[in-house]
Amino acid sequence: MAALAVTVAVSAGSASTISGLDRTQFAAEVSDGVMQRETFDSLEVGPISGTPTLKFSSTAGKVVVTHKFRASTGVGSLGGGALEYFLPHQTLTITFATAITAFGIDINSWSTLANSFVGTTNTGESYGSVFSPFPGKATGQFLGFTSSTPFTSITIAAKGKYTFTVDTINHGKKDPDPVVKPDPEPAPVPLPASAALLVGALGAIAVLRRRFGGSSA
């Protein structure tokens, strides 16, 4: 199998955008991040509009959890329409509860070619899939990337003749939110030299008044 081409784009003043990752590379890239995972294995078979963190829509008309097709983990996967899989001209849109910067998804397809599927975010960025067989299988695609631009939805589409289902969605932030430390208590500001001299002079005057002062009668 040909070596994968991983693309890294660096924006000034921001984190890098990395695409062209296979499943293992993506897992390593987000290992320190804050990620969530949906495998569809615990969900009831049938139509689904979403989960607490994901919403699904499709040009197929309906999105379904199915056990009929190959899954990358367990038995559950996501398909569409009456056939319970997406046709080549149909798309799947996934909307996230909060903006994310890292996304990965397994795509069940017979295609062994890179860029057989493309994911386009609501910010207009597009990323291609790579041939990355499911564990223990001979076929499978993976579409995974990290972005320097947070996004709230992505649309998955086939670029060729292949039908598909999807499984194991990983989504979240590549990097954890920075810990904001409270400002330390400000240190006392030292008196300027002139003020220190003034305080010293006033103290000296007070001492002299006590020593030599008294009644003038």
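Structure report, in brief. This structure is a prediction, so every number in the text was calculated from the model and none was measured.

1. Here we look at the pattern of salt bridges
The tally for this structure, following the rule as stated, stands at three salt bridges. Of the charged contacts, one joins Arg23 and Asp106 as a salt bridge, the two residues approaching to 2.7 Å between their closest N and O atoms. Here Arg23 is found in helix 1 (residues 23-29), whereas its partner Asp106 is found in strand 8 (residues 91-108), with 83 residues between them in sequence. A relative accessible area of 3% means that Asp106 is categorised as buried.

2. Quick look at the environment of Ala114
Considering the arrangement of structural elements, one finds Ala114 in the loop between strand 8 and strand 9 (117-121). For Ala114 and Gln141, which are 27 residues apart along the polypeptide, the C-alpha to C-alpha distance reads 8.2 Å. For Ala114, the contacting residues outside a window of four places in its chain are Ser129, Val130 and Phe131.

3. Notes on the environment of Thr165
Residue placement: Thr165 occurs in strand 13 (residues 165-173). According to the relative accessible area criterion, Thr165 is buried, its value standing at 2%. Through-space distance from the C-alpha of Thr165 to that of Ala71 is 8.5 Å; in sequence the pair is 94 residues apart. Ignoring any residue separated from it by four or fewer positions in sequence, one finds Thr165 in contact with Phe69, Arg70, Ser77, Leu78, Gly79, Glu84, Tyr85, Phe86, Asp106, Ile107 and Asn108.

4. What to know about the side chain of Glu38
Within the secondary structure layout, Glu38 lies in strand 3 (residues 34-38). One buried charge, Glu38, has no salt-bridge partner; the nearest side chain with opposite charge is Arg37, at 9.1 Å. From its side chain, Glu38 meets the backbone nitrogen of Phe40 in a polar contact 2.8 Å long. With sequence-adjacent residues up to four places away left out, Glu38 is seen in contact with Leu43, Thr51, Leu54, Thr168 and Ile169.

5. Focus on the environment of Pro135
With respect to the element layout, Pro135 can be found in the loop between strand 11 (130-131) and strand 12 (141-158). For Pro135, a relative accessible area of 56% corresponds to the exposed category. With 112 residues separating them along the chain, Pro135 and Arg23 place their C-alpha atoms 10.0 Å apart. The residues contacting Pro135, other than those within four sequence positions of it, are Arg23 and Ser72.

Thresholds applied
Residues numbered from 1 in each chain as written. Predicted model: local features only at pLDDT ≥ 70, side-chain atom pairs only at ≥ 80, totals over all residues. Heavy atoms only, no water. Salt bridge = Lys/Arg side-chain N within 4 Å of Asp/Glu carboxyl O. Helix = DSSP H or I, 4+ residues; strand = E, 2+ residues; numbered from the N terminus. Buried < 20%, exposed > 50% of the residue type's maximum accessible area, 1.4 Å probe, protein only. Contact = heavy atoms within 4.5 Å. Lys, Arg positive; Asp, Glu negative; His and termini not counted. Polar contact = N/O pair within 3.5 Å; in protein donor to acceptor, adjacent residues only side chain to side chain.

That's the geometry; what it means functionally is another story.
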